[in-house]
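Working through the structure, step by step
Listed below, chain by chain, are the residues.
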Amino acid sequence: MNTPELLRVLVGFDTTSRRSNLDLIHWVAAYLEDHGVEARLVPSDDGAKANLLATIGPPVAGGIVLSGHTDVVPVDDQAWDSDPFALVEREGRFHGRGAADMKGFIAACLAAVPSWRRLDLRRPIHLALSYDEEVGCFGVPRLIAQMRAQVPPPALAIIGEPTQMRVGLAHRGVFCHRVTFCGVPAHSSDPALGISAIEPAALLIARLASFGRTLIAQGNRTTLNVGSIRGGTAINIVPGCCEVQWEFRPPDEASAAAVRGELERLLADVPSDVAVEMTLLAGIPALSAEGGGVAARVARNLGALWPPGDIPFGTEAGFFQQAGIPSLVCGPGAIAQAHQPNEWIAASELHAADRFLAGVGEWAASKPES
């Protein structure tokens, strides 16, 4: 099967994050088995979803990881011209949910498997497919843990998010929090009998906004955003509970540490008679490849576009980097089409990915540098 044919199959699985991805994972595992490749599944705690890890080539160090997420965002309330889960080709574009983000890359990897199998590989090619990237990158830490336990250390990882095949070496992290304040409700005719939960929440929001403006003035690329506040039950009741959901996006760990330190200081100022609970909803580390090193050199030699492009979105690459695997982002399609109605990927982008992955096979078959 070629890349468009495989993309048609993959898009046909509704792997919206709120649903299971097991049908797709089992299909991919069977496809790999048909080509003599064993796939290892790494299930979620409840068994409703799974990562997939497969190796083509010898079980030695120095291989390449090709990684992609299998989940997609919802199509609810979007005006599609066709069934989102049935790939449609129009004027050189393939339309379907996940076509660009990021089943196009996965399809191209699967299409390359037969040719990789025919080569005398000296270094392995590892396929790493994850779940729940779109809702917080919850699957990939377990996938990487399995990889570190069972796979000799790879030389690099390429995360195939849509960059139009341009190398991406850095992106900001994403850290999402929920802060819940609990006071004491009371009738508003005598507010002194209660303890407002909204007042300290409002103070936190104002001080976070002020801190965000300070960072901007200092030239720090970290952004903060309060996305949701919910509290109170009626206008004549002192609010007993209030919940604030907010996020920050730091370019590096030093910036992340600065925000965490400021948050600790802000929460320390909350009155002692107000209970505060903070929950980390999602934590996606930044990617900072500092010149790219081995990963960038290999990707450029394989035909990835250079100079590096800006990556405004978070990816799983930072998790691989934290695990000690030099990583970058490079894949077919454009992020501008991701998450949109009538999402599409150009046929030319799939062809570019095919050429790139043919080069991956040649690299894996070549003699490693001493």
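Before going into details, it helps to say that this report is about the structure given with it. (Residues numbered from 1 in each chain as written. Predicted model: local features only at pLDDT ≥ 70, side-chain atom pairs only at ≥ 80, totals over all residues. Heavy atoms only, no water.)

We now examine the pattern of salt bridges. For the coordinates displayed, the defined rule picks out 11 salt bridges. A salt bridge links Arg-97 to Glu-343; the nearest nitrogen and oxygen atoms lie 2.7 Å apart. Linking Arg-97 in the loop between β5 (93-95) and α3 (99-118) with Glu-343 in the loop between β16 (327-329) and β17 (344-346), this pair joins segments that are 246 residues apart in sequence. Accessibility classification places Arg-97 together with Glu-343 in one group, the buried group. With a shortest N-O distance of 2.8 Å, Arg-249 and Glu-247 are connected by a salt bridge. When its relative accessible area of 24% is taken as the criterion, Arg-249 is described as partly exposed. One network of salt bridges, in which partners are shared, links Arg-178, Arg-230 and Glu-243. (Salt bridge = Lys/Arg side-chain N within 4 Å of Asp/Glu carboxyl O. Helix = DSSP H or I, 4+ residues; strand = E, 2+ residues; numbered from the N terminus. Buried < 20%, exposed > 50% of the residue type's maximum accessible area, 1.4 Å probe, protein only.)

By the definition in use, this model includes 3 aromatic pairs. A centroid spacing of 5.3 Å and a plane angle of 20° characterise the contact between Phe-175 and Phe-248, whose relative ring orientation is stacked. Here the residue Phe-175 occupies a position in strand β9 (residues 174-182), and Phe-248 occupies one in strand β13 (residues 241-249), the gap between them amounting to 73 residues. With respect to class, Phe-175 is no different from Phe-248; both count as buried. Considering the side-chain rings of Trp-246 and Phe-248, the 5.7 Å spacing of their centres and the 25° angle between planes classify their relative orientation as stacked. Accessibility assignment for this pair places Trp-246 and Phe-248 in one class, buried. Put simply, the rings of Phe-175, Trp-246 and Phe-248 pair up and form one aromatic cluster. The ring of Trp-363 has Arg-123 sitting right over it, with the charged end atom 3.9 Å from the ring centre. The ring of Phe-175 has Arg-260 sitting right over it, with the charged end atom 4.9 Å from the ring centre. (Phe/Tyr/Trp six-rings, centres within 6.5 Å; stacked < 30°, edge-to-face > 60°. Lys NZ or Arg CZ within 6 Å of the ring centre and 35° of its normal.)

In space, the 3 strands of this open sheet follow the order β4-β5-β17, with antiparallel pairing throughout. Whereas interior strands pair on both sides, the edge strands pair on one side only; in this sheet they are β4 (88-90) and β17. Adjacent strand axes in the sheet meet at a mean angle of 25° when their direction is disregarded. Pairing geometry for β4 and β5, over 3 bridges, is antiparallel. Across the sheet, residue Arg-90 finds its bridge partner in β5, namely Arg-93. (Pairing = 2+ DSSP bridges. Axes fitted to C-alpha atoms, helices over the stretch in contact; angles between N-to-C directions.)

These figures come from the coordinates and say nothing about function on their own.
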